[in-house]
Amino acid sequence: LKPDPRVQATAADLQKQFDLEMQIVAAMQQAWDVLQKRGATGPAAPITRQRDPLAATLSSLGMLLSVVDTADAAPTQQAQEAFRELRGRLDPLLKQ
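So, how was this worked out
Residues numbered from 1 in each chain as written. Predicted model: local features only at pLDDT ≥ 70, side-chain atom pairs only at ≥ 80, totals over all residues. Heavy atoms only, no water. Helix = DSSP H or I, 4+ residues; strand = E, 2+ residues; numbered from the N terminus. Polar contact = N/O pair within 3.5 Å; in protein donor to acceptor, adjacent residues only side chain to side chain. Contact = heavy atoms within 4.5 Å. Expected span 1.5 Å × (residues − 1). Buried < 20%, exposed > 50% of the residue type's maximum accessible area, 1.4 Å probe, protein only. Arc of directions from axis to C-beta.

A. Examining the side chain of Gln17 more closely. Position of Gln17 among the secondary structure elements: in helix α1 (residues 11–38). Within polar-contact distance, the side chain of Gln17 engages the backbone oxygen of Ala71 at 2.3 Å. With residues up to four places along the chain from it excluded, the contact list for Gln17 reads Val68, Asp69, Ala71, Asp72, Ala73 and Pro75.

As structure tokens, then:
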């Protein structure tokens, strides 16, 4: 595979992007697994999601993944900080 010549990102930038994306996906999987165990993924899930902080955090992680994946570049400082914040919010919710 050859890199797209229009992309100005270095291999290191793309690796950083990939690494953050994999961290986000892992966090999303953890949240999803807990939600499934709670039964918060069935037909009433949209209502539950609005009230469940774990589901809200999962949704925010999904939005962040979309933002990080959109650019062929290293993640911005804001994206990295957003992940740290969401991860910090997620960890206690997984233990409940």
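B. Region of the structure containing helix α4 (residues 77–94). Its 18 residues place the ends of α4 26 Å apart at the C-alpha level, agreeing with the 26 Å of an ideal helix rising 1.5 Å per residue. By the burial criterion, the buried members of α4 are Ala79, Phe83, Leu86, Leu90 and Leu93. On an axial view of α4, the arc spanned by its buried residues comes to 85 degrees, and they lie on one face. Summarising the contacts, the buried residues of α4 are in contact with α1 and α3 (53–70).

C. Looking closely at the environment of Leu58. In this structure, Leu58 sits in helix α3. A residue is classified by how much of its surface remains accessible, and Leu58, at 14% relative accessible area, is buried. Taking the C-alpha atoms as reference points, Leu58 and Leu35, 23 residues apart in sequence, are found 9.5 Å from one another.

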